[in-house]
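Take a look at the letters that make up each chain.
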Amino acid sequence: MLLIFPPVAKPCEPPAGVALLSAALKEQEIDCKIIDANVEGLLYLINSDIIPVDSWSQRALKHRESILSDLKNSTVYKNMDRYHQRVYDLNKLLSISVDNKRFRITLSDYSDSKLSSVNSKDLLKSAKEYKENPFYNYFEDKLRNQIEELNTEFIGISLCYLNQALVSFALAGWIKDNFKGKKIIMGGGLISSWMSRPDYSDPFKDLIDITIKGEGEQPLLEFFGKKNIEKRHFIPDYEFVKDDVYLAPGKILPFRGSIGCYWSKCRFCPEKAETRPYSSQRASKVLDDLKVIDRKYKPDYVHLIDNAVTPAFLKALSMNTFGFKWYGFVRFEKEFLDQDFCHNLKKSGCEMLKLGLESGDQGVLDQMKKGTDLKRVSIILKNLHHAGILTFVYLLFGTSFEDSRAAVKTLDYVKSHEKYIDYLNLAVFNLPKFSEDANSLDTSEFYHGDLSLYLNFNHPMGWDRRQVKQFLDKTFKKQVSHIRKNPAFFSSNHAAFFNTFEDKS
Ligand code: SF4
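No experiment lies behind these values; they were computed from the predicted model shown.

**Quick word on the overall build of the protein chain**
Next, step 1: For the protein chain, the count of helices and strands is 21 helices and 18 strands.
Next, step 2: Against the compact-globule benchmark of 23 Å for 505 residues, the protein chain has a radius of gyration of 23 Å, which places it among compact chains.
Next, step 3: Expressed as a percentage of contacts within the protein chain between residues at least 6 apart in sequence, the contacts between residues at least 24 apart total 75%.

In structure tokens, the structure reads:
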């Protein structure tokens, strides 16, 4: 079968989901090919016959090749300003490569002023009117041959993110119209979330032959007649990864040690609302799998994509060294209270940890069931900093547990730890539609679409989105000025490179 990962997602690393599916299929001797249509499609647009619209785009066009090669070279990651110039130039080219009155395409986003990604009728319209999609020429020029050559009956589309939705359906519409007899199988994180809605009524049944909810490996194997396969964890198959394609200073490979979240208690978290069952293997087995990745593909970086890397696996990592550096999401585990442990993690290749702090108010953390103690966080941030591990801290404002005083406490907490925080991600809370909390709040529709996953709500303490955004722009960002800028568009996907390479002079 053919597995396609459609645009738009950040073009800096290969997609993990299709690599896991491919591993499961090949293990059962089912032939499988992967096309990362995301990176191919975005590069196709960037390298197309672009007509400059101003002096900025003229300059960017003149330097197109060198911008692309700079972003694959470590030198530009020594200086954030130079890096940003390249990224903004490239993004400018991408945005004017399409009809930018209707479509807004960036290196991380896709939107269409006429069609909504969370409306099933619009998605079906995107399928029907596929010739209007900005990637249509890419489908014809690059995908057509590959599909014809492969001559397979089944084409899988991996729909993980909202920014892929309209293109995924345009792709499905194009396949149905041009390749009679092909069957389309759609899976991935976003379609799984839609299918988890209690009111989901399979609006795509006339276009998509099979939709898969949750982890796709077992259902796909069953579909191909391989029943009762219990195995859930596979070593991703990255044979399809072409060197020197992705916009990163080296080969990054995503790797997942566990499925779901071992904590699964945070009340604000969509992961909890969707109740994806947690599954992991013994840490020693996960470590063996990671060593296979190291030997077989020789990555420069491994991106650990677990929702939260388990303490057991962190311990295993800390006792080993690898040919790559790594980064990933962790909770504020008690193990980080030990300075030696943090130093050992650094020695094992840890460049950056992403940490969901959410709030600097202990009362808010307790109510949201975050399971985090702020006194512990203070020590952990210092320990990681002293070990030379970058900290990328995530904050969440505007939950029903927070009022303006609690938000100010978060600001004060961050200010007093500024030295130990390298990057910050500031998010405004979206209420998951089918969460427990949604039942007890006064809610209204957030996006108008039958597939929207979030709700608006009247904040019980009057701390509404408008006020939260104002606080972030006018107070928080002005007072917290010593923390680095996030890499534009790529954010945490490029942030770790500024540890290894950044020229602090
Ligand atoms: S630790 Fe992260 S993924 Fe797990 S429940 Fe909390 S917010 Fe969700």
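**Some points on the domain arrangement of the protein chain**
Next, step 1: One can read the domain layout of the protein chain as domain 1 (2–48 + 97–223) and domain 2 (252–429 + 481–500).
Next, step 2: If you average the C-alpha positions of domain 1 and of domain 2, the two centres end up 30 Å apart.
Next, step 3: In this complex, domain 1 contributes 12 residues to the contact, which on the side of domain 2 involves 13 residues.
Next, step 4: When grouped by side-chain class, the residues that make up the side of domain 1 that touches domain 2 number 4 nonpolar, 5 polar and 3 charged.

**Quick look at the site of the ligand**
Next, step 1: If you check the shell around the ligand, you find 12 residues, and the closest are Cys-261, Trp-263, Cys-266, Cys-269 and Asn-307.
Next, step 2: Of the residues assigned to the shell around the ligand, the class counts are 5 nonpolar, 3 polar and 4 charged.

**Looking at the pairing of strand 14 (residues 390–397)**
Next, step 1: Here strand 14 lies mainly inside the structure; 7 of its 8 residues are buried.
Next, step 2: Relative to strand 14, strand 13 (residues 350–358) runs parallel, the two sharing 6 bridges. By the bridge assignment for strand 14, Leu-353 is matched with Thr-391.
Next, step 3: Inspection of the sheet shows strand 14 paired to strand 15 (residues 423–428) by 6 bridges, in the parallel sense. The partner of Tyr-394 across the bridge, within strand 15, is Asn-425.

**So, the nonpolar core**
Next, step 1: With 143 residues, the main nonpolar core has Ile-4, Ala-170 and Leu-171 as its most contacted residues.
Next, step 2: The dominant element in this core, judged by the number of residues it contributes, is helix 8 (residues 165–178), at 9 residues.
Next, step 3: Of the domains in this structure, domain 1 (2–48 + 97–223) and domain 2 (252–429 + 481–500) are the two that each give at least three residues to this core.
Next, step 4: Not counting chain neighbours up to four residues away, the residues in contact with Ala-170 comprise Ser-126, Ala-127, Tyr-130, Asn-133 and Phe-135.

**As for the sheet that holds strand 16 (residues 431–432)**
Within a beta sheet, neighbouring strands are joined by backbone hydrogen bonds and run either parallel or antiparallel to one another.
Next, step 1: Spatially, 16-18-17 is the arrangement adopted by the 3 strands of the open sheet, whose pairing is antiparallel. The open sheet has two free edges, formed respectively by strand 16 and strand 17 (442–445), since each of these has just one partner strand.
Next, step 2: Bridge analysis of strand 16 against strand 18 (residues 454–458) gives 2 bridges, and the strand direction is antiparallel. Bridging across to strand 18, Leu-431 finds its partner in Leu-455.

**Some details on the sheet that holds strand 8 (residues 252–255)**
Next, step 1: Spatial strand order, 8-11-12-13-14-15: 6 strands in an open sheet with parallel pairing. Strand pairing shows two members of the sheet lacking a second neighbour, strand 8 and strand 15, which therefore form its edges. Here the strands of the sheet are splayed against their neighbours by 15 degrees on average, with no regard to which way each runs.

**Some details on unusual backbone geometry**
Next, step 1: Across the junction of Pro-7 and Val-8, the peptide omega takes the value 10 degrees, indicating a cis bond.
Next, step 2: Along the chain, the position of Val-8 falls in the loop between strand 1 (2–5) and helix 1 (16–27).
Next, step 3: Its identity as a non-glycine residue notwithstanding, Glu-29 has a phi of 60 degrees, on the positive side.
Next, step 4: Here Glu-29 lies in the loop between helix 1 and strand 2 (33–36).
Next, step 5: The class for Glu-29 is exposed, based on 8 C-beta atoms found within 10 Å.
Next, step 6: If you check the backbone angles, Asn-228 has positive phi at about 55 degrees while not being a glycine.
Next, step 7: Mapped onto the fold, Asn-228 is located in the loop between helix 10 (217–223) and strand 8.

**Some remarks on the environment of Gly-250**
Next, step 1: Here Gly-250 is to be found in the loop between helix 10 and strand 8.
Next, step 2: Spatially, the C-alpha atoms of Gly-250 and Asn-73 are 7.5 Å apart, while their sequence positions differ by 177 residues.

**Concerning the packing of helix 17 (residues 404–416) against helix 19 (residues 465–479)**
Next, step 1: One way to put it is that helix 17 packs onto helix 19 with a least axis distance of 10 Å and a crossing angle of 25 degrees. One element, helix 17, and the other, helix 19, form an angle in the roughly parallel class. Of the two elements, helix 17 crosses helix 19, and the hand of that crossing is right-handed. Between helix 17 and helix 19, the contacting residues are Ser-404, Ala-407, Leu-411 and Lys-415 on the first element and Phe-471, Thr-475, Phe-476 and Gln-479 on the second.
Next, step 2: Taken together, the residues of the contact of helix 17 with helix 19 break down into 4 nonpolar, 3 polar and 1 charged.

What counts as what
Residues numbered from 1 in each chain as written. Predicted model: local features only at pLDDT ≥ 70, side-chain atom pairs only at ≥ 80, totals over all residues. Helix = DSSP H or I, 4+ residues; strand = E, 2+ residues; numbered from the N terminus. Rg over C-alpha atoms; globule rule 2.2 N^0.38 Å. Contact = placed C-beta atoms within 7 Å. Domains from an automatic or database assignment. Nonpolar A, V, L, I, M, F, W, Y, C, P; charged D, E, K, R; others polar. Near = placed C-beta within 6 Å. Buried ≥ 20, exposed ≤ 12 C-beta atoms within 10 Å, placed from the backbone. Pairing = 2+ DSSP bridges. Core = buried A, V, L, I, M, F, W, Y, C linked by C-beta atoms within 7 Å. Axes fitted to C-alpha atoms, helices over the stretch in contact; angles between N-to-C directions. Parallel < 35°, antiparallel > 145°, perpendicular 65-115°, else oblique. Left-handed = near helix turned anticlockwise from the far one by under 90°.

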